[in-house]
Every structure is written in C-alpha cells, then in structure tokens.
Amino acid sequence: MMAGAAVAVGPENSGEKTHLSTIRYTSSLANNSALREEIDLTFEQLPSPETIIIGETAWINVDGVHDPELVQKIGQRFNLHPLSIEDVLNTTIRPKQEDYDDYLLVILKMIVRNKSASKGIASFVTEQVSIVLGKNWVITFQEHHAGDVFDGIRARLRGSMGKLRANGADFLAYALIDAVVDGYFIVLEELGEEIEVLESQVTSTDSTPMLTQIHATRNFGLFLRRYVWPVRDVLAGLERSDSCLITPSTKIFLRDVYDHAVEIMEMLEAYREMAAGLMELNLSALSNRMNSVMMVLTTVTTIFMPLTFIAGVYGMNFEFMPELHWKFGYPLIMSVMALIALGMLVVFRRRKWI
Amino acid sequence: MMAGAAVAVGPENSGEKTHLSTIRYTSSLANNSALREEIDLTFEQLPSPETIIIGETAWINVDGVHDPELVQKIGQRFNLHPLSIEDVLNTTIRPKQEDYDDYLLVILKMIVRNKSASKGIASFVTEQVSIVLGKNWVITFQEHHAGDVFDGIRARLRGSMGKLRANGADFLAYALIDAVVDGYFIVLEELGEEIEVLESQVTSTDSTPMLTQIHATRNFGLFLRRYVWPVRDVLAGLERSDSCLITPSTKIFLRDVYDHAVEIMEMLEAYREMAAGLMELNLSALSNRMNSVMMVLTTVTTIFMPLTFIAGVYGMNFEFMPELHWKFGYPLIMSVMALIALGMLVVFRRRKWI
Amino acid sequence: MMAGAAVAVGPENSGEKTHLSTIRYTSSLANNSALREEIDLTFEQLPSPETIIIGETAWINVDGVHDPELVQKIGQRFNLHPLSIEDVLNTTIRPKQEDYDDYLLVILKMIVRNKSASKGIASFVTEQVSIVLGKNWVITFQEHHAGDVFDGIRARLRGSMGKLRANGADFLAYALIDAVVDGYFIVLEELGEEIEVLESQVTSTDSTPMLTQIHATRNFGLFLRRYVWPVRDVLAGLERSDSCLITPSTKIFLRDVYDHAVEIMEMLEAYREMAAGLMELNLSALSNRMNSVMMVLTTVTTIFMPLTFIAGVYGMNFEFMPELHWKFGYPLIMSVMALIALGMLVVFRRRKWI
Amino acid sequence: MMAGAAVAVGPENSGEKTHLSTIRYTSSLANNSALREEIDLTFEQLPSPETIIIGETAWINVDGVHDPELVQKIGQRFNLHPLSIEDVLNTTIRPKQEDYDDYLLVILKMIVRNKSASKGIASFVTEQVSIVLGKNWVITFQEHHAGDVFDGIRARLRGSMGKLRANGADFLAYALIDAVVDGYFIVLEELGEEIEVLESQVTSTDSTPMLTQIHATRNFGLFLRRYVWPVRDVLAGLERSDSCLITPSTKIFLRDVYDHAVEIMEMLEAYREMAAGLMELNLSALSNRMNSVMMVLTTVTTIFMPLTFIAGVYGMNFEFMPELHWKFGYPLIMSVMALIALGMLVVFRRRKWI
Amino acid sequence: MMAGAAVAVGPENSGEKTHLSTIRYTSSLANNSALREEIDLTFEQLPSPETIIIGETAWINVDGVHDPELVQKIGQRFNLHPLSIEDVLNTTIRPKQEDYDDYLLVILKMIVRNKSASKGIASFVTEQVSIVLGKNWVITFQEHHAGDVFDGIRARLRGSMGKLRANGADFLAYALIDAVVDGYFIVLEELGEEIEVLESQVTSTDSTPMLTQIHATRNFGLFLRRYVWPVRDVLAGLERSDSCLITPSTKIFLRDVYDHAVEIMEMLEAYREMAAGLMELNLSALSNRMNSVMMVLTTVTTIFMPLTFIAGVYGMNFEFMPELHWKFGYPLIMSVMALIALGMLVVFRRRKWI
C-alpha cells in the first residue's frame, strides 16, 4: 500500500460510528483490587500510557476503524509506528504479528456470522481484530461495532476472579487471542455439518444446485484457510518472541492456543479433503445413475426392436406370403414373439441389468 | 478453551462413574521385590508423591474423566499445572507431549472398537489416554472404563519378570505408549482388509452403497490421520527431550516406538492413496460398463432399424408396387434383410463390439 | 546465456526508442530542499555517480532496453558488473535480487495491460523492471516506454511532502518495489472476477468456448505464478540483506512489502485452486445435464416402443386374427395402450425421472 | 511390539530350517592371504568375536530367522542389544539403521521374485535382510534360504581379487548393501516394462481386467515405495555416521550407493506418476470410444427414424389417401426417402461423425 | 553398481570409435597468448597434468565412452578415483557433482535431438557429459561423437577474445556447464510449442492419437524432470563448494547458471501442469461433445417416436375404425402429426437443445 499514507483500506462502512471504551483494573491479588469500566468515550477521555498507574492494566477497545484520523490520533498517543496504524486501518491484510520493541501488534481475523444474511456457511464474513500489547495496556481495534466475542472476557474481568484478573496485560492479550481462535471452532463445526449434509445427499439426488453447493463449500474451505493458516505463524512467533512484554508464564498459555491453531488447521485440511472427495463421489454417483438409466433404455429397446420388426414383416403386403394364410399363423407368431421377449429378459436378468 | 476453567470438554458421559486403581511395585532386581495392586479406590486412598517410597514405582490409573472435580483434586495432589488438568479433561484435543520439568504429560488417542456398533471400520471410535510421568509415579487418565489395552501390561507387571519390572516409571510410561501405538496396527490391518474387499468388488458391481463405502473408507483414513500423525511428533519430542525423567536406556526403546509410529504413518498414507485410487478405478469401471451397454444398444438398433424400415416400405399401401406381386418377392426381401443383418454383424464383430 | 556477451534477449522491439529521464532531489528535511526533473536526455547529459552531491538523491529512469550499447554505456558509467547488464538486457529472466556490494540489483516483472488487446485476463503481458540501488542514486530500467506505474511516485516526489522526500535512495527503491507489487493486486482482482463470472456460468451453459476459457484461466494462474512467486524470495533477500545500502528504518517498510507479496502468493494459490475446481465442477455439471437428457430419451423410448409394437401387431395381415373383427377391438386396444402409457408415466414419476 | 520379548513376527515359515555358514578371509594385501568357507554349521561351530584374529574378516550368514532361540543365542554371543534381536526377528518392520556403538545394524528389504508365482510384477515379494557390522565381522540374517543376491559377492571374495578382498568388514557390509540396492533396479525395470505394455494397450482395448491391472500396478508402486524410500535415509545415516566402524574410504562408496538409492526413488516416483496418468488416459480413451459408439447410434437412428415414419404414413389404411393411387407414388416416395437419407449423410459427413 | 569394476553401463554402441581432441591455450591477457588445437589424437599423444605448463589451460575432449580401457587409462593419467571413472562410464546415472579435492567431477545430461528420428518431442534423447575440472585442465567425456553443443565454445576460444580466453580452467568449466544448461531452453521451447498445438486441437478433435500424444507429452515432462531437477543441486553444490579450484569471480557466473537452472525447473513444472490440465480439458471436451450428440439423438427420437406410433395406429387392420373412413381423416391426422412435431421443436428450442 502507499507508504506513509494513513487511509482506511477495505469495504467502505463510512456511515458507521467509531465506539471507544476502556476497562482499567488492578490485579485481584493486590490489596485494593479495583475495576473501572467506561463506554462511549471521546478521544480526549482516553487514557494515555503515562496516566496508567503501575500495577494497573488498561484495555482500550476501539470498535470501528473507518475513521482514519481518530485511529491515527490514538496511535500517536500510544507511540505506534505509522506502519502499525496503516495495518490497523487496512482491513484486507493477512493475520500477522510484529514486534516493535515498545509494543507488540497482533492482527487476526474473526470469522463472524453476517446477521443480515441467510444461515449456512455462506453467511460468514471476516472481521479484522488488531491487538496492540504495551507494557500495562492493551488496545483492541475491531472492524465493526458488533463482535460479542470479547464479551465473555469482559464478564470474567468484572467477576474479579480467575487467572485473568490475577495477571497483567500480556495475559489479557492472550485471553483475547484465545477468544478469537476459539471462535474458529464454531465455524469449522458448521463447515463439518454442511459437509455431512452434502454427503448424505450426494448419492441420492443429482440436482445442479447441490453441485454448486459442494463447490461453494470447497471455496469456503479456501477462504477459511487464508485467515486460519497464518494464525499458526502468528502464535509461533509470539511464543518464540524474546519480547519482555510477554512473561514466561503467559507463554505456556500461548503454547496452548498454538496447539488449538494447529488443530484447527488440521481439521480444516481434513474438511477440505472431504469436500474434494464429495465432488468425485458426486461424479461417480452420476455415472452410476446414468448407467442404470442406460440399462433401462437398452433393455426396452433390445426387447421391442426385434418384436416390432417381426410385426412389420407380417404387415408387408406381398401377395405370396404363405404364413398369412395359415390357420395358426397369428398365434404361432405371437408365441414366437413371446419366446423372444422371454429369452431377452432371461439374458438381461443374468447380466443383472434388471 | 477458556483459560483457567477446569471443565470436561467432549461428548457427555455423565452417567459414567470414575474408577481409580493403583499398582505399586519395587524393582524385581531389588532384594525384596514386591507388587501391590488396589482397585476401586476413593480419592482419599490414592497415594500422594510423598508417600511413594524411593525405589518404588506407583501407577495410578483413572478410568473416566467426566468428573472435573476429582481430576482437579488428583492434579493438585500431584502438583499438575492447571493447563495440564484442562488438557486431560478436554477429550477433543490432538495428541501432544508437554514437559513441565517436574513431570511429563503425554496425550494420545486409542482407536478402539465401539462395542455396541456393527463391525467394520465404522465401529472404531477414539478414546483419549493421558499419561503423566513423574519421578517415580505414572498417572494414566482414560476417557472410559473399558480399554483393555493396558491389561497386557498389568499381566506382565504381576508376572514379576521381564524388563518392565526391572525398570522404573519411565519404562512403564514407555510400555504404556507402546501399547497404545501397537493398537493402531490392528486398526490399520482392518482398514487394509476393507480396501482389499472393496478392490475385489469395485470392478464387478456398481451399486451406490459401494460408492458410499469407498467414500467412508477415505474419510476413515482422514479420521485416523488426525490422531496418528501427531504421535510421531510426540515421540520425537520425548526422544529428544532433555528431561531427567527419562533415562537414556529407555530412550532407545522410545526410538523403537518412534519407528513404529513412522511405519504406521506410511502405511496409513499408502492405504489412503489406495482408497483414492479405488474411486478412480470405480469411475473407470463404470465408464467401461456403460460402454458395453451402449454397444449392445447400438448393435441392436443398427441391425433392426434398417430391417424395420424395409418391412415398413413393403407395408405401404401404394397401388402400384410391382415387387408385391412378384412370386418370389417375399423370400427375396427376407433374404435381403438376412444379408443386411449378417453384414452388420460382421461389421460389429470386426469392431469387436460383439 | 552466452557469458560476457551483452545482447538484448527477449521479443524484439527494435523500432522503439529508448527514453532517458532523471529526477534529482534533496531531502525535504534539509534547509534548501529542491527537486530537479529532466526528461528526454541523451546519454551524455546523464549524471555520473561522482556528480551527484552528498545529500542529493538521483533517480535515473531508462525506458526501453532494446539498445544494448546504450545500456552498456550506462552500466559502465555506474560501474555495473557485466552480468548485471546482461540481466537488465535479458527480459526473459525470472525476478531476482543480487548484492554487488557497491549496488543492489532488483529485477521484477510488472503485469501490465496490453493496450492493443481486448479486455480480460488475456490482455495482460509482463514488462521487466530492473531497479539498481546505489549509494545515493537509483536507476530503473523499464522494458517499454509505457508503464505509468511509477507516475504516482513521481507525483509524490514533486509534492515535496511525505516520507518519500524525507528519505534517501533506499526508500525510493522501496517505494518503486512497492508500486510494482501493488500492481499485482489489480491483476489478481481481475483474475478473481474472471473466476466468479465463470463460476456463475459453469453450471448453466456447456459451450466448448467456456471450457477453453476455464483452461486459459488456469494457465494464466500458472503464468502469474512464474513472476509472482520469486518476488517473495527477492524481498526476503532484501530484508535479510546485510548491505549497508539499506537503512534499518527502510527494512521495516520492506517487511511490509514482503507481507504483501506473501498475501499475493496465497491469493494466487487460492484462485488457482478455485479454477481447478471449476474444471471439475464443469465435468460434473456436464454429466448432470447428460443424465437428464438420457432420462428424456429413455422415458420417450420406453413409453412409445411398446405402443408402436402393439400397433404393429394389429397391422399384421394374418387372415385369422379374431381381434380385428371384434366390434370394440379398436377402442379396446387403444385403451390398453393408454393404460400402458399411463403406467409407464407413473413408474417414471416415482423414479423422479419426469 | 512387546518390549523385551524375542519372538519371530511376520508370516510363519516354521517348517523352514535355519542355515548357518561363514566365510573368513584375510586381506589380499597381506602376506599370507587366505579364505576359509564353511557351510551348514551348527551354532556351536560359529566363531565368536574373540576367536576372529586381527586382520581377519568373518562373514556369518544366517538363512532363515524363524528360530527365535537360535537368533537370540547368536545375538548374545556377539553382544547384540535385545532390541536389535527383536528387529532381526520381526520381518515386518521398515528399513532402518541403528548405531549401537559396538556394532551397526542395517535392516533392508530385498524385493525378490516368488518362484512359485506366475511372472509379472505380481510375483515379487519382500525378504528382509539384516546386516550387523562389527569391528572385524559381519553377520547377515536373511528371512529365507533362497536369496542368491549375495552369491556374486561370495564369488568375488573367493576370486581373491578386487577391492572386496583388499578391504575389511565395513567394505564387505557396503558391498552387501550395494547388492541389495542394485536388486531394486531389476524390479523397477520390470515395473517400467509393465507400464509400457499397459500404455500400448490402454487406448485400444477396454476390458475390465486391464483396469484392474493398472490399479494393481499403482498399488505395486505404493508397495515398492514403502521399502525403497527409507533406504535413502538408511544410507544418508550411514554416510553421516561418526561411527569408527566405517572408514572414510568406504564412505565414498556408501555415497555412491546413496546416489543409486536417490535415483531409484526418482525412477519410482516417475513410474508412479506414469501409472496414475494411465488411469486418466484410460478414462479419456473410454469416453472417446463411447463418443464414437454414440455417433454411430445417433447416425443410424437419425437416418432411419424419418424414413420409417414415412413408410408408416403410407402404410395407413385411410380410405382417401390420393398419393396411394398415383401411378408414380411409390417411386416418388422412394426417391424422397433416398434424398432424405442422402441429406442426413451429408450433414453427418460435415460434422465429421462418419 | 559392482564396486571397483570399470565397465561401460548403458545402451551399447560398441561399433562407435572414441575420438580424442585437445585445445590448449594461454590467457589472452598474457604477453604471448597462444592457442593450439589437436584432433583425432591417440591416448599416447594426450597431455598429462605434468606436461601442462603454468598459465596454460588444457581442454581434453573425449567423444564416446564405450571403450572402458581407454577411459580408465585417461583416468589413471589424471589420477581420477575409480568411482569417478565408473561414473563416467555409466551413462545411466543421474546428474551430480563430486569434489575429490584434486579435481571436481560434474556429470550432466544434454537433451539432444536424435538425428534419425522424426521431429517433435519424441526425437529427443539424452547424452551424458562428464566434466572433470583440474587445476589447469578440463576433461570432458561425451557419450557420443555428435554433440555440437560445445562448438560455440571452441569458436569463442579460437576467437581469442572475450572472458573465456582471459580466464582459466574453472571459467572454461563454467562455460561448458552453461552451454549444456542453455540447451535445455530449446527443448523446453519445443515442449511449450507442442503443448500449444495440443491446446488448440484438444477441444475440436477427439481422435485417440491425440490422447496418446497428450499422454506422451506428460511422460516427456517426467523424463525431462529426471535430468533437469538434479542440475539445480549440482550448481548449488558448485556455488557453495569451498574447493580452491573455483575462483570467486567464476562463482558469480555459476550463480547465474544456477538461476537459469531454477528458471528451467519452474518452466518445466508449469508445462507439466499445463499438460495435466490438457487431459482434463480433453475429458471435459469429450463429455461436451457427447452431450451434443445425445441431444441430437434425443431430439430426433422424441420427435419421430410419437409420429411413427400414430402412423402405426392407423395402419392397424381393425374392421371398425371410423377415422379411416372419414373424408378428411388423412389430412387431419397429418396435421395433428405436424402439430406434435412443431410442439416438440418448440420445447427443444426452449431448452436450447437445437
């Protein structure tokens, strides 16, 4: 992208307003444990790194990145590199993590259900989440003001219990990443169900719409892969990172998310292979059905063609056709026809055509 | 999964009770070699790391992991990391090994036959086995109280002979892993037999059920791969591990299991390729059969169409058709028809259609 | 290629004239920031490395590399290695970067639209761009005098603002590479649209031209891959390079282009897989359609063959056919025929053929 | 496999007797070069490591590994690790090499022709060869007493000339490995011939047996791969090995066998790809043939259907059909039919159907 | 191969005589630059390493390697390792490079056109070239006395100009390797043309010969790969080699050949994929054509079957068929038939079948 230009890249949502909110808390292990939550702030009301006291952790959540100036102002307040701000604004880039010494930038994609769309895999869209981890603060930028994926974390923070409140900013970042990655399992489950449904239909029906659906399922697998595969590298990078922003005890938890990411990748690959197998299965099933249609056609044709011919022969108007004058010519020829038909049927039965 | 929350993840079996049992023994090389076996213990009756005397090895077996509190209590008694307990409880995760300095956690999947199901590859299900190797104790967590895969090891321990009794906890862990991995060979054998049966049928029958079966066999290969492939990494990790819990002499044996895991992977890949080839073979066989059906149809049509036409011509009611009044018109035209039919047959014979 | 011989390799464009132009500027951060632009220079008017003053950056652009002597003379003035000159002249080589201590050579391919051709992916052709980065100069060699891909950079330079004017030659080189790589996104977008169009047509039409188009799309993917894949290695090489010609701050930006290159590669691979799936989808759709054609044929044949046979039977001229003399023979036989036809229709309806 | 249990694993050949033989020789470069060969020895007559004098090389060949006790006794005499003995006895494991400091164990598979079977690739079976290389002795364990693959080496040893007699045990081991690997070329040659035969038949015949044969050829490729691929790792391991049992001059020769193994792998992969291509070629050829059958059918049907219809029209018994009473009605209508048939033929000729 | 035995391996050409020739020259930069060329030498006339004066470079060319004794004698004169001589004589081995300290052995395959064969890709055969690079000499062994690929280098040497004469033996070796690798581009070009021709034919004709040709093209790709892929490793090995026989300035040029080799590999892979796509395209085109044939058949059958049936009905000989006696029965029924036919045509037109 154009170097040094902070512009929002990606589908336009200019009508959407940007929402700012913060949660600030001190460790639940500390004496005077406290949590303060503020929503719908203006830029001026946002904390700056200097105003966050030691022992406190501040989580600043920015919903909607369609206002470049605002994002840029936030970036400047927290000393973010221009390229970081560009990455946050550009919602078309692939997941990645970058270590800028003072802070870590992690960009992930949530796969969320588009509310307005119909159900099924076609309703999933991506939403970019940028997580910036500083010394005692975390900023999250969400593409839209809709994702409820972080609501569970908010609830756990408010609950003032568990590891989340007992640890610092790096553990909060881990929990956020974990929430995003866990969201993939739901999408994969739906993909798996879609494939199972198609599997049960593929040999019994042969409508073109199903073909299109199998194809769409394969493409959805490709679509997921683009966003899920890089996550492994992101997590491997965080785990191996020698940044002092991540404590060793949090790294053990990151290793756990890494394992989930690997599992997701493997499930996805298995699903992709299953979907590819579906197309082949469908082709075989089609050939199978065509075979049986052909057998019916051939059976009928092969039985009636000779009979019709014989009837045609005795429909000829030659003067001298002795059989026509035999008393039992008609029943005789009818019996011959019946025998031919029976013989054919026996042959086809033996060939297992009927 | 939700960090810090110890909950059982996976299909519910809440009705199932958890069974605890222990086997404690001293080395058969020691003077007063002894083995003590206890079943159906309560949590309070379980040994703790401190109560296991030096020179003694304790194997604690937990059948059924559907009681999170119990598992958590066991974990706390043996100082297991919360993430380890989570992994033990979550029966959907992929095989892995983790080194927690004080203990090693190895998670594997047994592929066992579902007793209630019909026979064949469709009856196999996975069962998670978590093996925790401490200084002089081993804890195994099995998903269900059904696996007899460890019965052979119990018998060998009781027999008070062989390497198993002569060595410590790490060798016991090796033997348990070896038993799980050896179990895969049986599944692979069955898969191989399934493929052989399908191979012998694929060119002779063309029913849709067989198609579905080939597809199911391919999917079973994918299913196996998910659980078998990571085993290699697990074993490579254990072998390369610099944990002091595994003695060098045991590592030679782990190398042996590693070789088995590699062999299993290669067999699996070969079977998967064979199953993929089956689908293609089936498609070709279908085309082949359709070809022969088409040839029959074409032969019959091509022979009888001209004859029926000729018969139709002499069935026309024109007043002035001289042939109709010839004395030998009828035998003549019948001979012409016979010649045409014979010529056609010769042509088709030359083309090897009949 | 023949070692040591400086000849132009690639399609001949001998009629085309070579255009030389320069832009020289000092940093916008300096006191007397200045930019001087000259076009249509002769070789003699070109600056030499010695004449470029410290603090100044010179960008020499050479449009058209079909005049080997001129390129060689430029190469000698800037002390380029004979192999570098060969590479610049040979427009068939794959993208690469070479570090010659005194300068860095980066060869890339622009994918540009051939103006004379029709629209669609068939109209894209490659154009080689060689970027030579020296201490305070950059030389760019373009295959033709047509590429407007660098016009944006010229405009930004003239604008005397932004990072581009504030930095030196290495940042200019980065901006040029970035412009080339960004150009790929446009081509990929068009490829994606092409695939979408084909996807919407593939199940509804079955003309041979569409087949050819799918095949052409796949080949276009292969064609792109040849030029896009090496770009990743080029950028990885530049980023890892220990050349003192690239400052650390520029490397962060190169890392960004690298990410774009990786993204382009992944998009391309996804498109290639989608195009491959299209061929399979088309084959299945064709089989599907053939199936329905066969069903019509079989239905018609199976209904009319027996009826025609019956009509044939009562067209026979036997003397003794009692049915012919029945009063209600005709309506009776017509009713029988109608019943047979109806029965057939019911059977086919049940089989869901009609 | 069950750790610590020395049992023969693999197909049973219990009726087969184990044959022991030795060849002991001193270097042909020594003053009193000598070679002593003994066959059909008992276990007691076998040399032990201590009885082999310095400068002498002893090759102990054990034909048949179906007597676990004997193999175990030999193993104990030469201080082999229990796992080594297990590996020798288990004829189902994949090729590998293990360094046990005192000796090197190399396990390979010969692909030999089953004498009782018919010719062709179906007649090949594997036979395990275990080569144990000690300081100045080599023990070879062959699965059956049938392999003549080592006869050439015996002949060269007896001939008292060439490098083989001039070097020690490591060169003998190299020569044995080389003999096994060279045996693969013969199998590959046969596979190549099989594929060539199939290639020449695949477009001209379409019998189901050929389909089965192509499938069998693909599976044979998979079968070979299981035994041939690991050989490369075995040889790479030996070449890189820092065991003092292999002299640097022998390593150069091992590098040569490694090159052969790589070549064999590449040939095998090429053959496998060719066999896969055969299946596709067959499918296309089948479609091609079906196409031409369909064209014949369509041509015949399209020509005779209208003619039969016309004949049927004039076979109708309407009282008032003026054409029937025309004098030239019959020749006229016959001419019309002939014109229609001719017109059809022209159309089909233009479409290149006939 | 049998260790230590110097025999010629590969197709026999025993009738062919071996030709020896030398070119000896001093650097064109030296004062008394000279070049001496001798052809049809006997073995005794060949220079030995000691007789080549310092500053001089000797190129000994051996055409034909079917005389093992001669090759062995040359090898002994230049102190080649027995394995090197074996490799030179064995014309079936894959390309490789070996560093024997005193000399470097590079074995490559030229792909040359068999003069006696017809044109097209079928006429290409391989010819082995072994290049031995010593301190100030180069020996080249060519399989046959036919290759003109080195004639260009001879001409450039005689021309006493250019880099070739200015540099030593390592640059000569580079130039020879470069000539071999450049020869691949010609073969690839022909392969590309072959694929283009097939591409233009594949959707319009459907003869079995074309199928065979596509298959042959794919196999040719496999054949090329066997000889072209290892070349990359050979060149990478030479470039990374720490042998003092290759000067750093020559390594820059070797890097250039390496780039060519990589490009050749990528082109080859692209062509292979295109050829694979051709088979699929052909299958789809065949299905497409079959579809249109089926539509013609179905259209004709569906139109005429009902008409023929109606004609058959009024050809029945029932006594009481009132329609037969109507005055306008015949024209009425003919009109009904025409309407049915028209209706059918409309239906088929709507379905876009005709």
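Since we're looking at a predicted model, the values are computed, not measured. Residue numbers run consecutively from 1 along every chain, following the written order of its sequence. By the order in which they are written, chains take letters starting at A while ligands take numbers starting at 1. For this predicted model, a pLDDT threshold of at least 70 governs which residues receive local features, and a threshold of 80 or more governs which side-chain atom pairs are given and counted, while totals over whole chains, interfaces and linings are taken from all residues. In computing side-chain values, all of the structure's heavy atoms are included and hydrogens and water are not.

Caption draft 1: Broad picture of the interface of chain D and chain E. In this complex, chain D contributes 57 residues to the contact, which on the side of chain E involves 58 residues. Summing the contributions of chain D and of chain E, the shared interface buries around 5,100 Å²; its carbon and sulfur component is 64%. Whenever Lys or Arg places a side-chain nitrogen within 4 Å of a carboxyl oxygen from Asp or Glu, that contact is recorded as a salt bridge. The interface formed by chain D and chain E contains seven salt bridges. Of the charged contacts in the structure, one is a salt bridge between Glu273 of chain D and Arg272 of chain E, with a shortest N-O distance of 2.9 Å. Two N or O atoms count as a polar contact when they lie within 3.5 Å, although within protein this holds only if one can serve as hydrogen donor and the other as acceptor, and sequence-adjacent residues are included solely when both atoms are side-chain atoms. There are 16 residue pairs in polar contact (both at pLDDT 80 or more) connecting chain D and chain E. Secondary structure elements are taken from DSSP: a helix is a run of H or I of four residues or more, a strand is a run of E of two residues or more, and numbering for both begins at the N terminus. Elements with a minimum of two residues in the side of chain D that touches chain E: helix H5 (169–202) and helix H7 (248–313) of chain D. With 36 residues, H7 of chain D is the largest single contributor of residues to the side of chain D that touches chain E. Three residue categories are used. Nonpolar comprises Ala, Val, Leu, Ile, Met, Phe, Trp, Tyr, Cys and Pro, charged comprises Asp, Glu, Lys and Arg, and polar comprises the others, including Gly. Split into classes, the residues belonging to the side of chain D that touches chain E amount to 28 nonpolar, 14 polar and 15 charged. Whether two residues are in contact is decided by their heavy atoms: any pair within 4.5 Å suffices. Accessible area, probed at 1.4 Å, shrinks when two parts are joined; the buried area is that loss added up over both.

Caption draft 2: Main features of the arrangement of the chains. With no contact between them, chain B and chain C keep their nearest C-alpha atoms 9 Å apart. These two, chain A and chain D, are apart from each other, with no contact and a minimum C-alpha gap of 9 Å.

Caption draft 3: Broad picture of the relation of the copies chain C and chain E. Mapping chain C onto chain E leaves a residual RMSD of 0.1 Å; the transformation is a rotation of 72° accompanied by 0.1 Å of translation along its axis. The two molecules are tied by a five-fold rotation axis, judged by turn and shift. Identified as the residue of chain C closest to the rotation axis by C-alpha distance is Gly315 of chain C, at 4.5 Å. Superposition of the copies used a least-squares fit over C-alpha atoms from residues whose pLDDT is at least 70 in both.

Caption draft 4: Expanded view of the sheet that holds strand E6 (residues 124–133) of chain E. Residues and elements named next belong to chain E. In short, DSSP must find at least two bridges between two strands for them to pair. The seven strands lie next to each other as E2-E1-E3-E7-E6-E5-E4, forming an open sheet whose pairing is mixed. Edge strands, defined here as strands with exactly one partner in the open sheet, are strand E2 (35–38) and strand E4 (96–99). When strand polarity is set aside, the average angle formed by the axes of neighbouring strands in this sheet is 15°. By the bridge criterion, 10 bridges tie strand E5 (residues 104–113) to E6 in an arrangement that is antiparallel. Working convention: axes come from line fits to C-alpha atoms, limited for helices to the stretch in contact. Angles between N-to-C directions cover 0 to 180 degrees.

Caption draft 5: Focus on the interface of chain C and chain E. Taken together, the contacts link 59 residues of chain C with 57 residues of chain E. A buried area of about 5,100 Å², summed over both sides, lies between chain C and chain E, and 64% of it is on carbon and sulfur atoms. Applying the counting criterion to the chain C and chain E interface returns eight salt bridges. A salt bridge links Arg218 of chain C to Glu280 of chain E; the shortest N-O distance between them is 3.4 Å. In this assembly, chain C and chain E are joined by 15 residue pairs in polar contact (both at pLDDT 80 or more). For the side of chain C that touches chain E, the elements supplying multiple residues, two or more each, are helix H2 (82–89), strand E4 (96–99), helix H6 (208–240), helix H7 (248–313), helix H8 (322–325) and helix H9 (329–350) of chain C. Ranked by residue count, the leading element in the side of chain C that touches chain E is H7 of chain C, at 18 residues. A per-class count over the side of chain C that touches chain E returns 31 nonpolar, 15 polar and 13 charged.

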